[in-house]
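For reference, the chains in residue letters:
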Amino acid sequence: MSYGTAPSVPAALQVYNSYVIDPQWQTKFSIIWGSCLGASLLFAAPRLVRSIRNGQAFTGFFGIKEDWEGKGNYEVVTLNDPKTKNTARRGLSSTPAMIRTIEGIISMIRSVSLWTLPGLGLNAGQISVVLVYLIIVLICIIMDSQLVNNSNRAGFLALAQLPVVFLFATKNSIVSLLLGPGHGYEKLNYIHRWSGRCLFLGAVVHGSLWIRNHLQYDIQIIGAQKETSGVAALGVLGGIVLTSFRPVRKLFWNFFWVVHVLGFVAFFVTICYHTIYAVPWIFPPLAFYAADMFMRMIRVRIKDANLAAVDSNMTLIRIQDCDTNWIAGQHVHLRVFFSGRVFESHPLTIMNAPSNVTCLAGPSSTESGRGIILGARVTGDWTRALNNYADSEGKTIQAQNAKWVAEKKKAANDEHSSLSDQSIPLPEVPVQVMLDGPYGGCSLDLGQYETVLLIAGGSGATFTIGVLDDIVGRCARLGRPNNERTRRIEFVWCLRSYGGINWFTSVIMPIADLVAECPDLDLHVSIYVTCLCNPEAVPPIPNSDVLMLAQRPDTSKILLDLTTPPLKKADFPRKIFARDPEACAVLAEASAKLQWVGLGGGVAVCASGPGSLTREASNAVAKLSLTRGVELGGVGLHTEVFSVQ
């Protein structure tokens, strides 16, 4: 005898079981963001393949290396060498016009994402990523939930975001590796920041509605372990978020870092006491962090170095026995063992290419061509202490080395020359340093573009000088081994005083000298200064102009000039110190000093320095690419912001 199936409770009368339904939404959320990430990696795959072919992908994965076999010895490539003859035209002809047209169309489409508004710190593409992520989080929290009566869904989604927060927080991320060069942790860190804020949003929704229900039904909030640990976890998370805003990070970085690290340890402990459902979501972040620490251990190097205080605003750091395994534009995290400050690590950009590429070992160079050169501008207490240490120790060495002093006096032909004479450079100070890196790099292969614009502000020139050394070395020294197409380079440097030009003269001069001997590569250096201070101290850099301006030049006008055929070959003075707007306009015509090679070969723009400069460059490239992207054969952009984001 059959009694039929058991009666089922109507859906309208079923009790909402958050411990069964809400974990399913955690899984859905994880699948969604994982699929979006996979699609992004697939979209970036062609770029990764190109970087693998030219040998830039995965460079530096195991840290900077020393050339034990002497392969990085400098060899000047003669102008009659068949490797260098007509290589630029051959490289251009190897790329079909149809391919350049397609690249121009893709560049035009991508340019929409480059538009940047002041004050946000994000471009249109990054804002779109943040908005999509926020919408996904809100949908997963709100859809088919009963938040007012049961706010667990928001708490479950907060936990599900922990892997995202940590995946984009680590310096050695698998995402950065698969996206290719130029997409380091510093470029992806905005996802870490905003996913952390979305995590906090979910926690606040969960906690506030939970507290509301307890107050409504007169239930004790603090007392039981679950409630107490939940309030503690929310408080810790709130402290982490409040101390992570840009003003706090910019003014109190060490405080922010300590609170960040200790705060997440405390959050993990309290959240695991709060709910057993948190435990599975703790392991992915711990795995990401452990992998990051392991990779840092592999990349760490302890090296001998020399400090040189160029002036009171700049310290050069020359690190010995570093030859290969980095690409131009990458940076390292540096610890200098001096004055007991061994626990401070700071990111500094590598200012030269590897020894097998660099131009700095030529006959006109004062650099060795081996090692790494870093520049630390005095902006905070650590850089100021480093500069003071290099200056004071240099004077001590100078005073103790009687032979060195005698030689300098003889060279100066002044028997009563003072040791503190600023015209006599101080000897370098030997120290030991710890390197962690390299990281980041340039996302553009400049060799794929005929015209290159490098624009920097202040110490941001360390990045543009590094990529300049690389592309000139590949074209003029190595004979364009990968069919590099670069023919014209405009190097723009904006400074506050003329004294700043001497910061990196020892690096720029050999590069400019080598280009001056190369028939198929043109380099023009434009230096804009906003303060008239000792203008006669300007070094004689080949094919360079120095101009005093009341404000930074307009990047869009420089780009327009580079992409417009010159009317005539101009021969204006190398230095103009007047604030005459007409003189400024004439000198800004860099195309008159660069050989015109026509259109369609592509334009690459690299901008580094303060946020205002990179934002202006992004908008200028976006405008140019939208209007003339196809005509120019594509316009590429890479920016490096030299400030806390």
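Rules and cut-offs
- Residues numbered from 1 in each chain as written.
- Predicted model: local features only at pLDDT ≥ 70, side-chain atom pairs only at ≥ 80, totals over all residues.
- Heavy atoms only, no water.
- Buried < 20%, exposed > 50% of the residue type's maximum accessible area, 1.4 Å probe, protein only.
- Helix = DSSP H or I, 4+ residues; strand = E, 2+ residues; numbered from the N terminus.
- Pairing = 2+ DSSP bridges.
- Salt bridge = Lys/Arg side-chain N within 4 Å of Asp/Glu carboxyl O.
- Disulfide = S-S within 2.5 Å.
- pLDDT = per-residue confidence, 0-100.
- Contact = heavy atoms within 4.5 Å.
- Axes fitted to C-alpha atoms, helices over the stretch in contact; angles between N-to-C directions.
- Parallel < 35°, antiparallel > 145°, perpendicular 65-115°, else oblique.
- Left-handed = near helix turned anticlockwise from the far one by under 90°.
- Nonpolar A, V, L, I, M, F, W, Y, C, P; charged D, E, K, R; others polar.

### Some words on the pairing of strand β3 (residues 330-336)
Right, on to step 1. Along β3, six of the seven residues are buried, which leaves the element largely enclosed by surrounding structure.
Right, on to step 2. Looking at chain direction, β3 and strand β6 (residues 429-440) are connected through six bridges and run antiparallel. Bridge assignment links Leu334 to a residue of β6, and that residue is Leu435.
Right, on to step 3. Looking at chain direction, β3 and strand β4 (residues 346-349) are connected through four bridges and run antiparallel. When the sheet's bridge partners are listed, His331 is paired in β4 with Thr349.

### Overview of the pattern of salt bridges
Right, on to step 1. Applying the stated rule across the entire model yields 13 salt bridges.
Right, on to step 2. Between Lys395 and Asp391 there is a salt bridge whose closest N-O contact spans 3.4 Å. Here Asp391 and Lys395 lie together in helix α14 (residues 381-400), a separation of four residues that amounts to about one turn.
Right, on to step 3. What makes Lys395 partly exposed here is its relative accessible area of 38%.
Right, on to step 4. In this structure, the salt-bridge partner of Asp445 is Arg474, at a minimum N-O distance of 2.7 Å. One end of the pair, Asp445, is in the loop between β6 and β7 (451-457); the other, Arg474, is in helix α16 (residues 461-477), with 29 residues separating them in the sequence. Residues Asp445 and Arg474 agree in their burial class; the two are buried.
Right, on to step 5. Taken together, the salt bridges that share partners define one network made up of Asp445, Asp470, Arg474 and Glu484.

### Focus on the state of the cysteines
In protein structure, a disulfide is the covalent linkage between the sulfur atoms of two cysteines.
Right, on to step 1. Scanning the entire structure with this criterion turns up zero disulfides.
Right, on to step 2. The thiol of Cys475 is unpaired, and the distance to the nearest cysteine sulfur, on Cys518, comes to 7.4 Å.
Right, on to step 3. No disulfide involves Cys606; its nearest neighbouring cysteine sulfur is the one of Cys442, lying 3.8 Å away.

### A short note on the environment of Val204
Right, on to step 1. Relative to the elements of secondary structure, Val204 occurs in helix α9 (residues 185-216).
Right, on to step 2. Sequence spacing of Val204 and Leu234 is 30 residues, and the spatial spacing of their C-alpha atoms is 7.3 Å.

### Describing the environment of Phe245
Right, on to step 1. By secondary structure assignment, the location of Phe245 is in the loop between α10 (225-242) and α11 (246-251).
Right, on to step 2. Spatially, the C-alpha atom of Phe245 lies 9.2 Å from that of Phe256, the residues being eleven residues apart in sequence.

### Concerning the confidence of the model for the protein chain
Segments scoring low in pLDDT should not have their predicted coordinates read at a detailed level.
Right, on to step 1. Scored by pLDDT, the protein chain has a mean of 83; 83% of the residues are at 70 or more.
Right, on to step 2. Below a pLDDT of 50 lies the segment residues 76-93, which in the model reaches 34 contacts outside its immediate sequence neighbourhood of four places, other chains included.
Right, on to step 3. This model gives residues 415-422 a pLDDT under 50, and the stretch forms seven contacts once residues within four places in sequence are excluded.

### Focus on the packing of helix α6 (residues 152-160) against α9
Right, on to step 1. Here α6 crosses α9 at 155 degrees, and the two axes come no closer than 7 Å. The angle between α6 and α9 places the two elements in the roughly antiparallel class. Of the two elements, α6 crosses α9, and the hand of that crossing is left-handed. Listed contacts from α9 to Asn152, Ala154, Gly155 and Ala158 of α6 are Leu199, Gly202, Ala203, Val205 and His206.
Right, on to step 2. For the contact of α6 with α9, a count of residues per class yields five nonpolar, four polar and no charged.

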